[in-house]
Amino acid sequence: MDILESLSLAGLVPIIKVEDAQDAVPLCQAIMAGGLPVAEITFRTAAAPDAIKNVKQSIPGCMLGAGTVLTVDQVKQAVDSGAAYILTPGFNPRVVSYCVENNIPIIPGCSCPGEVEAALEFGLKLVKIFPAESLGGVKFLKALSGPYVNMNFAPTGGINEDNMLDYLALPKVKAVGGSWMVPSDAVKAREWSKVTEATARAVKKMLGLELKHVGINYDNAPDALEGARMMSMITGLPIKESAGAAMVGAEYEFCKSKKPGTHGHIAISTNDIRRAKWHFEFMGFEFDEPLTNSEGKMNAIYMKKEIGGFAIHLLQK
Ligand code: 3PG
C-alpha cells in the first residue's frame, strides 16, 4: 500500500514536536492507544532523528513520517532513522527532487497554485497545504481542487477538532494533520493519557459513527410483518415493505428471512466506510467481504463477530 492510500485510510496525522527523544515512544504509544497508528515527528528540535529511531524500533506498526524537513541532509537523517515519508512546510525543489530521485515518499507543503503545479511536474499525487487556515481554509482547498483534478491534499496549520470535518468532507482532502491531538502542555507534563483522549476524540469525530438501524431476523414474511406492525404501533413510524423486509421508519428492519446474524443485525453508519474498516481492523476486528453499490464502491460491510447474536455492519452515510 502506498503512502497516499495509507494516509487517506488513516485520515488524521498528529504532528509531534519532542524536546527529548525518550518521550517519542510513550507519546506514539498514547497516539496508538487513541486509535491512530500514525505520527509525524518534526525536525523542529534536534531530538527528531533519535525520536524517529526510537519509535521505529519500539513501535514498528506506527506509520511514521518526518515533518518540517527543510534540507536534503535532514531527509537523509530522517530516512536513516526510519521515517517512511517526508513532509515539508514549503515547496523546496531541491528536497523534492532528491526524494523523487531516491524513491522516498515526499509530501511537500504547497501554498499556491504554482507550487501545486511544480509538485505535479515531479509526478506527485499528494501535497500538504500549509498553513491551511491562514491560506483561506476550506474555501482555498475547494478552489485548488477545481483545476488540479489529479492532485490530492493533506492540509495542516490551524486545523482542530472543530473544523477537521469541513476539510475531510472535501473529496480531494485525503487526510488532515495537526498538533491539536498532541497538546504541547500534555507533552511537556508527560500526561500521555491526555494525548490518547485527544486522539481518540478526533478519530471518533472523523468516523462519525451513528446507530442507523436494527434488523430482526424472521424465517417467514407473515411473522416479520406482524413484528413490523407491533413496532409501528409502539413508535408511530410508518411501515415500508420490500421484497426482503419491512422497514418501520428508518430504524427497524423486520427481515422476512434469515439475514446475517443469529437474531439480526445492527447497522452503524459512518462518514467514511473504508476508513472505518481500516480503523476497526487496527483495533483487531475482522470483516467479511464488503457489499458494493452499482459503481462497485463499498457501501456496507459486516464484522465477522456477532454481539449477542446480532451481526454488526457498517454503512456508508
Ligand atoms: C505543521 O507542521 O503542519 C503545522 O505546524 C501544524 O499546524 P498546527 O500546529 O496548527 O496544527
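In case you missed it, the structure is sitting above this.
Structure report, in brief.

About the criteria used
Residues numbered from 1 in each chain as written. Predicted model: local features only at pLDDT ≥ 70, side-chain atom pairs only at ≥ 80, totals over all residues. Heavy atoms only, no water. Near = heavy atom within 4 Å. Polar contact = N/O pair within 3.5 Å; in protein donor to acceptor, adjacent residues only side chain to side chain. Areas by Shrake-Rupley, 256 points an atom, 1.4 Å probe, with all protein chains shown as cover. Nonpolar A, V, L, I, M, F, W, Y, C, P; charged D, E, K, R; others polar. Helix = DSSP H or I, 4+ residues; strand = E, 2+ residues; numbered from the N terminus. Buried < 20%, exposed > 50% of the residue type's maximum accessible area, 1.4 Å probe, protein only. Phe/Tyr/Trp six-rings, centres within 6.5 Å; stacked < 30°, edge-to-face > 60°. Lys NZ or Arg CZ within 6 Å of the ring centre and 35° of its normal. Patch = residues over 30% accessible without salt bridge, like charges linked within 9 Å, V, L, I, M, F, W, Y side chains within 5 Å. Salt bridge = Lys/Arg side-chain N within 4 Å of Asp/Glu carboxyl O. Pairing = 2+ DSSP bridges. Contact = heavy atoms within 4.5 Å. Axes fitted to C-alpha atoms, helices over the stretch in contact; angles between N-to-C directions.

Near the ligand you find I15, R44, K128, F130, T156, G157, G158, G178 and S179, and these make up its full shell. R44 places a side-chain nitrogen or oxygen 2.3 Å from an oxygen atom of the ligand. Separating an oxygen atom of the ligand from a side-chain N or O atom of T156 is a distance of 2.5 Å. Its free accessible area being 320 Å², the ligand has 81% of it covered by the protein chains. For the shell around the ligand, the class distribution of residues is 2 nonpolar, 5 polar and 2 charged.

Attention now goes to the environment of D162. Relative to the elements of secondary structure, D162 occurs in the loop between β8 (152-155) and α9 (164-168). Relative accessible area serves as the criterion here: at 66%, D162 is assigned to the exposed category. In the structure, D162 is positioned 144 residues away from E306 in sequence and 34 Å away in space, judged by C-alpha atoms.

So, on to the packing of aromatic side chains. Across all of its chains, the model carries 3 aromatic pairs by this definition. On the basis of an interplanar angle of 45° and a centroid distance of 6.2 Å, the ring pair of F91 and F122 is categorised as tilted. Residue F91 is located in the loop between β4 (85-87) and α5 (93-101), and its partner F122 is located in the loop between α6 (113-121) and β7 (126-129); the two are separated by 31 residues in the primary sequence. When its relative accessible area of 27% is taken as the criterion, F122 is described as partly exposed. Pairing Y218 with F254 gives two aromatic rings, centres 6.1 Å apart and planes at 35°, and the pair type is tilted. Of this pair, Y218 sits in the loop between β10 (210-217) and α12 (221-235) while F254 sits in strand β13 (residues 252-255), placing them 36 residues apart in sequence. Judged by relative accessible area, Y218 falls into the partly exposed class, the value being 21%. When the ring centre of F130 is taken as reference, the NZ or CZ atom of K128 above it lies at 5.3 Å.

Taken together, the side chains of F282, M283 and F285 define a hydrophobic patch exposed on the protein surface, amounting to about 290 Å² of accessible area. Examined against the element boundaries, F285 turns out to sit in the loop between α13 (273-282) and β15 (291-292).

What follows covers the sheet that holds strand β6 (residues 109-110). Judged by pairing direction, the sheet is parallel, and its 3 strands sit side by side in the order β6-β7-β8 without closing on themselves. Strands at the two margins of the open sheet, each flanked by one partner only, are β6 and β8. Here β6 pairs with β7 via 2 bridges, running parallel. In the sheet register, G109 faces β7, and the bridge partner there is K128.

A separate point is the side chain of N152. Tracing the backbone through its elements, the reader meets N152 in strand β8. In this structure, N152 is in contact with L4, K125, L126, V127, K172 and K174, ignoring residues within four places of it in sequence.

Bringing the pairing of strand β14 (residues 264-270) into the picture now. For β14, a buried count of 5 out of 7 residues is recorded, marking the element as mostly surrounded by other parts of the structure. Sheet analysis places β10 next to β14, joined by 6 bridges and oriented antiparallel. Residue pairing across strands places V214 opposite I266, the latter belonging to β14. Both β14 and strand β17 (residues 310-316) contribute to a ladder of 7 bridges, which runs parallel. Bridge assignment links H265 to a residue of β17, and that residue is A311.

To continue, consider the pairing of β17. Sheet topology places strand β16 (residues 298-302) next to β17; 3 bridges connect them, and they run antiparallel. Within β17, the residue paired with I301 across the bridge is L314.

Orientation of helix α11 (residues 192-207) relative to α13, taken along the N-to-C sense of each, is 145°, at an axis distance of 10 Å. In this structure, α11 uses V203, M206 and L207 to contact α13, whose residues at the interface are R275, A276 and H279. Of the residues that constitute the contact of α11 with α13, the class distribution is 4 nonpolar, 1 polar and 1 charged.

A few words now on the environment of L237. For L237, the position within the fold is in the loop between α12 and β11 (239-241). Apart from the residues lying within four places of it in its own chain, the contact partners of L237 are S232, V248, G249, E251 and Y252.

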